[in-house]
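# Architecture at a glance
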Amino acid sequence: MKKTYQTHFNELRVTVVSIILLPFCLAAQDKGAKSSDSNTINTCVECHETLEMMPEGYSAGDIHQKSGISCSGCHGGDPTNYDKDESMSKKAGYIGLPKRQDIPAFCGRCHSHIDFMRTFRPRIATDQVDQYYQSVHGKKLAQGDKNVAECASCHSSHAIMPADDPRSTTHALNIPKTCKQCHSNGKLMDQYGIPHDQYDKYAASVHGKALLEKKDTGVATCNDCHGNHAATPPDAESVSNICGTCHLNNMNLFKSSQMAADFDIHSCQECHGNHDIQKPTDQMLNTASNEEAICLECHTAGDEGASTANTMYQDIQGVDSLYALAKTKLTASKTSGMNFSEIDYQIQQTRQNLIQMRTLIHSFDTSQVNAKSVEGIKIAREAIHLADLEIQEYHNRRWGFGVSVIALVILALAVYLKIRERNELVKNSR
Amino acid sequence: MSSFFDSKVFNWLDERLDLAPVKELVNHKKVPVHHHTVWYYMGGVTLFLFLIQVFSGILLLMYYRPGENSAYESLQFITSKVYFGWLIRNVHAWSANLMVFFAFIHMFSVFFTRAYKKPRELTWVTGFLLLVLAMGFGFSGYLLPWNELAFFATKVGTDIAGVVPFIGEKIKIILRGGDDVTGATLSRFFGIHVAILPAITTIILGIHLLFVLRQGMSEPEVFEELPEKKKKYIHFFPDFVLRDALLWLNVLIVVLALAVFFPWDLGLKADPLASAPVGIRPEWYFMFMFQSLKFLPPHILFFEGETLGVLFFGAVGALWMLIPFVKFRKEAVSNAKILTYFGLGSLIFILGMTIFGYLV
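From a predicted model like this one, the values you see are computed outputs, not experimental measurements.

Counting its regular elements, chain A contains 22 helices and zero strands. Buried residues in chain A amount to 35% of all 430 residues. Put simply, 59% of the contacts in chain A that link residues at least 6 apart link residues at least 24 apart. As displayed, chain A has an accessible area near 25700 Å², and 56% of this comes from carbon and sulfur atoms.

Rendered as structure tokens:
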């Protein structure tokens, strides 16, 4: 990719700032290490605590603190000296608060240096700052925009934790709230002419519900589609690739479909939306009797496209209704105390078939969906047949038991009568 | 029956085998009739249920395949594919439980009517051994379906055996066929269940029945003290046998009803790597011991609580087996009283702990 003037400028900027700050960085690292080694004095914390001037949101669980990099590791200075003027002097390497536009380079002093970073985590990435300047946030910051997010906006300043720590602002469960801080701010977003309802839409979406309500960290959250440090709105061409990272089969089927070949603009969001993606239903294809069918947004009822959708809908419904019936019969079989393992297996197979059909619709090829439907109907009917046999067997057992009991009772009665007869005989013989 | 004894077949056999004692037994064996006659039937019911076990067990053997990867599957096959397999499996499981239940009733009825006293001391000892064997059948059979609950219950059960001082660890390894409950344990338990225990049981049961036939029914002290004229008897054959048959038929109906209406769940297949499921409990007849051990503190004086508990049950079991020979007092009357209190205490303890085990 050809580098733009802006990219060159950013690279130069990082390099210059890094060179200027490198001696401080190394000194800070050294001091941080020393402070960790001695593990005794940290005058920064002692004084700031006494003066009740601790930074907002300060946490002892911060990953830097835990790794032995204390205040001076970032801000410089001499944490072993109680004299404020000396410990916070330029001579002692004191940097103080970085300017907002310098924060990426400030963090990059360590995070862009693999020799240093690998001492903590050998496989850690060190391209965050580079990526950041490729993002919309980074580009705007480079242009002097002070409203955009920099490192501390997402990671916090003094409570930075690894992304797999549930307390972290970048933990999957917390990402939407972290992005929301700015992106739900109407006043701020209006300045850029972008909407500010993404969080609300996401929270009401299938992904948002799974993440925020069910705490399922496997679902997509903001950074899964937009990226992390290089966050940017995905363009139409890349949308199906983004969705395809999780929904791989759907993406492949769609890409190889006639729909994708004929219409450039079509991508996942055309039918499913973006932030407010809802759980898809079969009704989206029901062009025959559902005016809300998604296909009717482009097609008109009865045209080729609508008919294709409706054919696929009918095929899915054929399997789905048999699947529901088989499940009802399975429950009856289970509650009757009969063997249900084989029925259950067939029902799982039917369910699998339905999932495959609902994936295959992305090919827009009715023959593929129909072939799966024929297969699914056969399996579902087998499940129903097995369930019927079990239910029949349940009744047979009771009938069989009834007949056996009658025979046994007759036998017992005969024995009882014989006992009585014997008793009479004994009485008479006396 | 007299017509059979006059028949050619009987004469033919008699000439060769001298069946006079059999004829004597059938014609003259009598059973006393009194308020406690009902207890005479308990041993017969236990024997009947044992016969059901043998019959249904042999049928199950036709399809059961021991092994980590085949036991559970073969049970599934038996209950779902084999004609009447479900019935045979459930009859086997239910009659096993009822057999132990009636064996307990039989034992306590013999204890409280003091039927174990001279000359029936050895009948009592063999009877007690038969109960222990029945519990061994239960313990070994419980694992055979190789389901989750059985797997972990066996793990806990064999762990308890392991706390016996000096030999416990060895017993545990011998029972398990290794350090852990594995497929080797299953093979071992299968061998114990279908070969070793049946062989020993056949011998001891034979001796037990021989003693009963030889000594006849025990007469309670109250009955013994009655004047001869007031003593009532019925013929063993056919009167007692007919009553036995009537009871056996009723028990058979109950077993069938339980098998049809309350089938035993096969559960989930055992997974040695899975964590133990909630609610692991042994079979009901081990519950009183299991629950008592749970109550014990980790240490009692210098001993481990569980070890002391296992030793206590072993000692009480041995004492119980030797009850006919135990003399707490010289006077027979006070000795009998102490024994009755001991029996009552044991019964209340067993019932209490069992009920408690199911409630908590």
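Next comes the rest of the description.
With that settled, the discussion passes to the interface of chain B and chain A. If you look at the interface, chain B gives 20 residues, while chain A gives 19 residues. The contact between chain B and chain A buries some 1900 Å² in all, and 70% of this surface belongs to carbon and sulfur atoms. Summed over the shared surface of chain B and chain A, the number is two salt bridges. In this structure, lysine 81 of chain B and glutamate 342 of chain A form a salt bridge, with 3.2 Å as the shortest nitrogen-oxygen distance. For the pair chain B and chain A, the interface holds five residue pairs in polar contact (both at pLDDT 80 or more). Those elements that place two or more of their residues in the side of chain B that touches chain A are α5 (71-80) and α12 (236-261) of chain B. Tallying contributions element by element places α12 of chain B first for the side of chain B that touches chain A, with 13 residues. For the side of chain B that touches chain A, a count of residues per class yields 13 nonpolar, four polar and three charged.

A few words on the domain arrangement of chain A. Residues and elements named next belong to chain A. Segmenting chain A into domains produces domain 1 (1-160), domain 2 (166-232), domain 3 (234-278) and domain 4 (304-398). One C-alpha centre belongs to domain 2, the other to domain 3, and the line joining them spans 21 Å. With 12 residues of domain 2 at the contact, the number on the domain 3 side is seven residues. Taking both sides of the interface into account, the surface hidden between domain 2 and domain 3 amounts to around 850 Å²; carbon and sulfur atoms contribute 60%. There are three residue pairs in polar contact (both at pLDDT 80 or more) connecting domain 2 and domain 3. Among the secondary structure elements, those contributing two or more residues to the side of domain 2 that touches domain 3 are α13 (198-204), α14 (206-213) and α15 (222-226). Of the residues in the side of domain 2 that touches domain 3, the class split is four nonpolar, five polar and three charged.

Residues and elements named next belong to chain B. Relative to the elements of secondary structure, asparagine 147 occurs in the loop between α7 (121-143) and α8 (148-161). In this structure asparagine 147 comes out as buried when scored by relative accessible area, which is 10%. Among the polar contacts made by the side chain of asparagine 147, one reaches the main-chain carbonyl oxygen of leucine 266 at a distance of 2.9 Å. Excluding residues within four positions of it along the chain, asparagine 147 makes contact with Tyr72, Leu266, Leu268, Lys269 and Ala270.

A word on the layout of surface pockets. Residues and elements named next belong to chain B. The calculated volume of the second largest pocket comes to roughly 1600 Å³. Val132, Met135, Phe286, Met289 and Phe313 are the residues nearest the centre of the second largest pocket, which is lined by 48 residues in total. At the level of elements, α6 (85-112), α7, α8, α9 (168-176), α10 (183-215), α13 (287-295), α14 (305-321) and α15 (332-359) are the ones that each hand at least two residues to the lining of the second largest pocket. Of the residues assigned to the lining of the second largest pocket, the class counts are 37 nonpolar, nine polar and two charged.

With that out of the way, let us pick up the packing of aromatic side chains. All names here are of chain B. Scanning the entire structure with this criterion turns up 35 aromatic pairs over all chains. Aromatic side chains phenylalanine 223 and tyrosine 233 sit 5.6 Å apart centroid to centroid with 90° between the ring planes, which places their arrangement in the edge-to-face category. Here phenylalanine 223, found in helix α11 (residues 221-224), pairs with tyrosine 233, found in strand β2 (residues 232-235); they are 10 residues apart in sequence, far enough to count as distant. A relative accessible area of 3% places phenylalanine 223 in the buried class. The exposure class assigned to tyrosine 233 is partly exposed, which follows from its relative accessible area of 29%. Judged by centre distance (6.4 Å) and plane angle (40°), the rings of phenylalanine 313 and phenylalanine 349 are tilted.

Our focus in this paragraph is the environment of arginine 114 of chain B. Residue and element names in this part refer to chain B. By secondary structure assignment, the location of arginine 114 is in the loop between α6 and α7. Distance in space between the C-alpha atoms of arginine 114 and lysine 81 is 49 Å, their sequence separation being 33 residues. Setting aside residues no more than four positions away along its own chain, arginine 114 makes contact with Glu221, Ala336 and Thr340.

Taken as a whole, α14 of chain A has its buried residues at His207, Gly208, Ala210, Leu211 and Leu212 of chain A. Buried residues in α14 of chain A make contact with α11 (175-183) and α13 of chain A.

Definitions and cut-offs
- Residues numbered from 1 in each chain as written.
- Chains lettered and ligands numbered in written order.
- Predicted model: local features only at pLDDT ≥ 70, side-chain atom pairs only at ≥ 80, totals over all residues.
- Heavy atoms only, no water.
- Helix = DSSP H or I, 4+ residues; strand = E, 2+ residues; numbered from the N terminus.
- Buried < 20%, exposed > 50% of the residue type's maximum accessible area, 1.4 Å probe, protein only.
- Contact = heavy atoms within 4.5 Å.
- Areas by Shrake-Rupley, 256 points an atom, 1.4 Å probe, with all protein chains shown as cover.
- Buried area = accessible area lost by both parts, 1.4 Å probe.
- Salt bridge = Lys/Arg side-chain N within 4 Å of Asp/Glu carboxyl O.
- Polar contact = N/O pair within 3.5 Å; in protein donor to acceptor, adjacent residues only side chain to side chain.
- Nonpolar A, V, L, I, M, F, W, Y, C, P; charged D, E, K, R; others polar.
- Domains from an automatic or database assignment.
- 1 Å grid on protein atoms, 1.4 Å probe; cavity = no way out; pocket = protein on both sides within 12 Å on 5 of 7 lines; lining within 4 Å.
- Points joined across faces, edges and corners; volume = space filled by probe spheres on them.
- Phe/Tyr/Trp six-rings, centres within 6.5 Å; stacked < 30°, edge-to-face > 60°.

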